[in-house]
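Chain and residue survey
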Amino acid sequence: MEDKVRARNKYRKPTTLRCSAGSRCSLPVFLWSLVGCFFMLHLYLLLPDKDANAGQLKIHPGRLFPELEEVEEDNIRIPPSKRKRSPRAAQRRPKKITTLVDEFLDESSQLRHIFFPDLKTAIDPTKDVGNDSFYYYPGRIWLDTEGNPIQAHGGGILYDERSRMYYWYGEHKDGPTYRAHKKGAARVDIVGVSCYSSKDLWTWKNEGLVLVGEKTNETHDLHVSNVLERPKVAYNGKTGKYVMWMHMDDANYTKASVGVAVSNSPTGPFSYLYSKRPHGCDSRDMTVFKDDDDSAYLVYSSEDNSELHMGLLTEDYLDVTSVMRKILVGQHREAPALFKHQGTYYMITSGCTGWAPNEAMAHAAGSIMGPWETMGNPCVGGNKVFRQTTFFAQSTFVLPIPGLSGHFIFMANRWNPADLRDSRHVWLPLAVAGAADQPLEFGFGFPLWSRVSIYWHRRWRLPYRWNE
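The following refers to the structure shown. Because the structure is predicted, anything quoted here is derived from the model rather than measured.

1. Brief notes about the packing of aromatic side chains
For the coordinates displayed, the defined rule picks out 24 aromatic pairs. Here the aromatic rings of Phe391 and Trp456 are separated by 5.3 Å at their centres, their planes lie at 25 degrees, and the arrangement is stacked. With Phe391 in the loop between helix H7 (384-388) and strand E22 (394-400) and Trp456 in the segment after strand E25 (450-455), this pair connects stretches of sequence that are 65 residues apart. You can call Phe391 buried: its relative accessible area is 0%. The ring of Tyr135 carries the charged tip of Arg459 above its face, separated from the ring centre by 3.6 Å.

In structure tokens form, the structure reads like this:
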């Protein structure tokens, strides 16, 4: 009897895995287990969850407003060149293939009207435009309530709880574009920092210049011959002051400093305090981020734009502390735009190509001081060139949309180096939702945080009554 049982068991398939540590089958089992875990995590992200604090059902944000996350294609065909070449010239030097980026940078391009539409197509909130009300048209001229193009380049938005108003600060570039010297970058003399106010993020009233350039004192940081870029304002609840940080430089971009100004009112005037190199380091493209606990941070490109520095500000926001971390070292990123969602910090950056557009990257971290992981290009839609050029724009700010969890407005600038005053505002919907589709840069596997997506739309608007 025992011999028969042994015979049957000899050919029976084992019901348990005969694996020991270091055996051949341990790695496949581990990999399939990991795949299963991430699959379950992906399903979890797509399911509704219950808010433990409010006891209310929260639906995944992607299901609430699918129109913001529609993938919209946009194919542009390059017209044939009007120049005729002789057969001998064609043999001597092959014709260079013209790219969309070449067309974008060419002032005489036949596609100029696509990248920079004329005043006839401007967004004008003062007119009764019927079904076009509250629609954003990325790249079109955007008029204020006085009928003038909004001059708030490289800026950011502050929501003031006391006045329940949005304030948009930015560079006022309404001046002639020129080069300080033959190899210098295109520039406009410092006019100042402009401020616009709005309750609906579409109709903007010009509040005037809240920080004005200096015309007579050539030694002053704000002298018109210098450079003022990327102003950001944060409100300090302890002091009741509005604090502005900005990139200050000279015409040759060798000063590489930050400037600080302060005001008792969001509409100014701001009093300029000083400039410095934070932490003793060169500083160019920068932003300011205010966290949930009211601590604030300065983020700036440093070491010749090869890395970013994250520095904690003092309690009054008027200076940096000694706390600083170097992040994205060696990645050559600039134009940082920081935001936060469900305890995770996210950031959009651009490459370093001057006024020319380039590919954006999304980054994420569990702690604002890092380590930061690069998640890849967040742009969705348009076409391949659109995605590789951030829709021919550069990041400047990411604005949370109240009441729409996981949805933000990605604010960018489409620079016009031939006429910087005619640079355009590109606002697009940004969503944080779904599992990330690229592995971690420095570790094994995929991150636990969600994917960041910026969706291209030729025409879009926020959901009806979003601000009520």
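We are not done yet, so read on.
2. Regarding the sheet that holds strand E15 (residues 307-313)
The four strands lie next to each other as E13-E14-E15-E16, forming an open sheet whose pairing is antiparallel. Since the sheet does not close on itself, it has two edges, and those belong to strand E13 (286-290) and strand E16 (320-327), each with one partner. For this sheet the average axis-to-axis angle between neighbouring strands, irrespective of direction, equals 25 degrees. Pairing of strand E14 (residues 296-302) with E15, which is carried by six bridges, proceeds in the antiparallel orientation.

3. Observations regarding the environment of Leu119
Topologically, Leu119 is positioned in the loop between helix H6 (112-115) and strand E3 (153-160). With relative accessibility at 54%, the residue Leu119 sits in the exposed group. For the pair Leu119 and Pro149, spaced 30 residues apart in the sequence, the C-alpha separation amounts to 9.2 Å. Residue contacts for Leu119: discarding those within four places in its chain leaves Ile141 and Leu143.

4. Examining the nonpolar core
Counting 56 residues, the largest nonpolar core has Ile157, Trp168, Leu201, Trp204, Ile348, Trp427 and Leu430 as its most contacted members. Non-local contacts of Trp204, meaning those with residues more than four positions away in its chain, are made with Trp142, Asp144, Thr145, Ile150, Ile157, Tyr166, Tyr167, Trp168, Tyr196, Ser197, Ser198 and Trp427. Within the second largest apolar cluster, 20 residues are counted, among which are Val193, Leu211, Tyr242 and Met246.

5. Examining the sheet that holds strand E18 (residues 344-350)
As summarised here, the arrangement of the four strands in space is E17-E18-E19-E20, forming an open sheet in which the pairing is antiparallel. The sheet is open, and its two edges are formed by strand E17 (334-341) and strand E20 (373-376), each paired on a single side. Strand-to-strand twist in this sheet, taken as the mean axis angle between neighbours without regard to direction, amounts to 30 degrees.

6. A look at unusual backbone geometry
Note on backbone geometry: most residues besides glycine have negative phi, and most peptide bonds are trans. Pro269 follows Gly268 through a cis peptide bond whose omega is 5 degrees. Examined against the element boundaries, Pro269 turns out to sit in the loop between strand E11 (257-263) and strand E12 (271-276). Note that the residue after Gly370, namely Pro371, is joined by a cis bond; omega there is 10 degrees. Considering the arrangement of structural elements, one finds Pro371 in the loop between strand E19 (361-365) and E20. Phi is positive for Glu303, which is not a glycine, with a value near 50 degrees. Relative to the elements of secondary structure, Glu303 occurs in the loop between E14 and E15. On the accessibility criterion, Glu303 (36% relative accessible area) is partly exposed.

7. Here's the deal with the pairing of E11
The buried count for E11 comes to seven of seven residues, which makes it a mostly enclosed element. By the alternation rule, side chains of E11 split into Ser257, Gly259, Ala261 and Ser263 and Val258, Val260 and Val262, which are all buried. Sheet topology places strand E10 (residues 241-249) next to E11; seven bridges connect them, and they run antiparallel. Counted as the bridge partner of Trp245 is Val260 from E11. Examined bridge by bridge, E11 and E12 share five bridges and lie antiparallel to one another. Note on E12: the bridge partner recorded for Gly259 is Ser275.

8. Remarks on the pattern of salt bridges
This model, assessed by the stated rule, comprises 14 salt bridges. The partner of Arg187 in a salt bridge is Asp189, with the nearest N and O atoms 3.0 Å apart. Judged by relative accessible area, which is 30%, Asp189 ranks as partly exposed. The salt bridge involving Lys326 is made with Glu307; its shortest N-O contact spans 3.8 Å.

Calculation rules
Going along each chain's sequence as written, the residues are numbered from 1 onward. Whole-chain, interface and lining totals are the exception, using all residues; otherwise, since this is a predicted model, local features are given only for residues with pLDDT of at least 70 and side-chain atom pairs are given and counted only at 80 or more. Heavy atoms from the whole structure form the basis of all side-chain values; hydrogens and water molecules are not counted. Any pair of Phe, Tyr and Trp rings, taking the six-membered ring for Trp, is counted once the centres come within 6.5 Å. Such a pair is stacked with planes under 30 degrees apart, edge-to-face with planes over 60 apart, and tilted for the rest. We count a stretch as a helix when DSSP gives it H or I for four or more residues in a row; a strand needs E for two or more, and each element gets its number in order from the N terminus. Burial classification: accessible surface area is computed with a 1.4 Å probe over protein chains only, and a residue below 20% of its type maximum counts as buried, one above 50% as exposed, and the rest as partly exposed. Two limits define a charge over a ring: the Lys NZ or Arg CZ must be within 6 Å of the ring centre, and within 35 degrees of the ring normal. Two strands make a pair as long as DSSP finds a minimum of two bridges between them. All axes are obtained by fitting lines to C-alpha atoms, using only the stretch in contact for helices, and the reported angles, taken between N-to-C directions, cover 0 to 180 degrees. The contact definition used throughout considers only heavy atoms, calling two residues in contact when any of these lie within 4.5 Å. Buried Ala, Val, Leu, Ile, Met, Phe, Trp, Tyr and Cys residues form a nonpolar core when they are joined through side-chain atoms within 4.5 Å. Should a side-chain nitrogen of Lys or Arg be within 4 Å of a carboxyl oxygen of Asp or Glu, the pair is scored as a salt bridge.

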